[in-house]
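# Secondary and tertiary structure notes
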Amino acid sequence: MPEDLTPTAQHDPDATDLVRRLEAVHERVRQAAEHAGRPAEDVRLMLATKTQPVQTVRAAVQAGVRLLGENKVQELVAKGPGLADLSPTVHLIGHLQSNKVNAALRWAACVQSVDSLELAERLSRRCEAVDRDLEVMVQVNVSGEESKYGVAPAQATALAAAVAVLPRLRLTGLMTIGANSDEDAVVRAGFAGLARLRDEVLASGLPGTGAAHELSMGMSGDLELAIAEGATMVRVGSAVFGQRSVAG
Ligand SMILES: *Cc1c(COP(=O)(O)O)cnc(C)c1O
C-alpha cells in the first residue's frame, strides 16, 4: 500500500480534524481559566463520548485525552474492551439504573451520577463484594428542569454526607448539567449554586467529605461560564466530535 494511503492518525482527515478541534477546546479552557484568574491545570478536560464509535474514541485518547465520560452502561460495556490497551480513565456521567450497577463497575473508575442513597448503597455493597473502591460524585439538578436527573439542591449536602460514609465509596465532588437557557446569568447562577454546595460539603468537616473538591460542570456550550464559577472538570462532546446526528 502506498505510504500516503496508510490509515494512520496523520493521514486520516477525520483524525486530523479531531486533533484540531481538541486543541481548540483546550485553548478555550486555557483562556477561560486565565480570564477567571485560575491556573489552567486546575481544570481537567473530560471527553463525553456518547454515540461515538470506539475508533473515534481511540483517536482522541491517542491524541492525549486521558479522561472519558460515558452516558450509558451499554456503551461502557461495548467500548471498554476496545479501549483497554490504552487504559483511559472512564467515568459514568449518565443515569445509572440499579440493575446495571455490576456492569458499570467493570469499566467505570467513577460514577458521577449518584442521585439517591439507594443507588449509592447498592454501589457500595457491590464494591464490597468485588473488593474494590469507587470514586463517586453526587449529581445535583441545579436548574430544577424536569428532564434532568440529579438530587434537588436542598437535599444535596445531606445526600453527599450520607454517601461519604458508605464503605468503599470515595466522594470526590459534585456534578451538574447546566440550565438549558440562552441567558448566561441563569446558567451561571446554577454553576455558582453547585460551587456553594461543594463548599458547604467541604466545610462540614463530616467524615468522608474531605476529598470532595471536584466540580464537574460545563459542556461544549457553557464551559466558559462553568470555569468562571470554579469548574474543576468540564465534560465536552460536540465541540470535539461535531454535532451528534442522533440524540444521545
Ligand atoms: C453529552 C453530555 C456532555 C457533553 O455535551 P456536549 O454539549 O456535547 O459538549 C456532558 N455531560 C453529559 C452528562 C452529557 O450527557
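Read on for a plain summary of the structure. Note that residues are indexed from 1 along each chain, following the sequence as it is written. Whole-chain, interface and lining totals are the exception, using all residues; otherwise, since this is a predicted model, local features are given only for residues with pLDDT of at least 70 and side-chain atom pairs are given and counted only at 80 or more. The basis for the side-chain values is all heavy atoms of the structure; hydrogens and waters are excluded.

Our next topic: the site of the ligand. The nearness test applies per residue and asks whether one of its heavy atoms lies within 4 Å of the molecule or strand. With respect to spatial proximity, the complete set of residues near the ligand consists of Ala-48, Lys-50, Asn-71, Ile-93, Ile-177, Met-219, Ser-220, Arg-235, Val-236, Gly-237, Ser-238 and Arg-244. Side-chain atoms alone can form a polar contact between residues adjacent in sequence; in general such a contact is a pair of N or O atoms within 3.5 Å, and within protein one must be able to donate a hydrogen while the other accepts it. Between the ligand and Lys-50, the relevant distance is 2.7 Å, taken from an oxygen atom to a side-chain nitrogen or oxygen of the residue. Gly-237 is positioned with one of its backbone polar atoms (N or O) 2.8 Å from an oxygen atom of the ligand. In isolation the ligand exposes 380 Å². Once the protein is present, 90% of that is buried. Among the detected pockets, the ligand sits in the largest pocket. Three categories are distinguished: nonpolar for Ala, Val, Leu, Ile, Met, Phe, Trp, Tyr, Cys and Pro, charged for Asp, Glu, Lys and Arg, and polar for the others, with Gly belonging to the last. Tallied by class, the residues present in the shell around the ligand amount to five nonpolar, four polar and three charged. Accessible surface is estimated by sampling points in the Shrake-Rupley manner with a 1.4 Å probe; for residues, cover comes only from the protein chains shown. With a 1 Å grid spanning the protein atoms alone, the term cavity applies to any set of points in which a 1.4 Å probe fits but cannot get out, the term pocket to an open set with protein on both sides within 12 Å along at least five of seven lines, and the term lining residue to any residue with an atom within 4 Å of a point. To qualify as sitting in a cavity or pocket, a molecule needs more than half of its atoms within 2 Å of the grid points.

What follows covers the pairing of strand β5 (residues 134–139). Accessible area is worked out with a 1.4 Å probe on protein chains only. A residue is then buried under 20% of its type maximum, exposed over 50%, and partly exposed in between. Helix and strand assignments come from DSSP, with helices taken as H or I runs of at least 4 residues and strands as E runs of at least 2, each series counted from the N terminus. The element β5 is largely enclosed, with a buried count of five among its six residues. Sheet topology note: the strand β4 (residues 110–114)/β5 ladder contains three bridges and is parallel. Within β5, the position partnered with Val-114 by the bridge is Val-138. Whether a crossover is right-handed depends on one test, that the path from the first strand over the helix to the second runs clockwise when the strands point away from the viewer. One crossover worth recording links β4 to the parallel β5 by way of helix α5 (residues 117–130), and it is right-handed. DSSP-based pairing: two strands are paired if at least 2 bridges between them are found. Two elements, β5 and strand β6 (residues 169–175), share six bridges in a ladder whose sense is parallel. What sits directly across from Val-136, in β6, is Leu-171.

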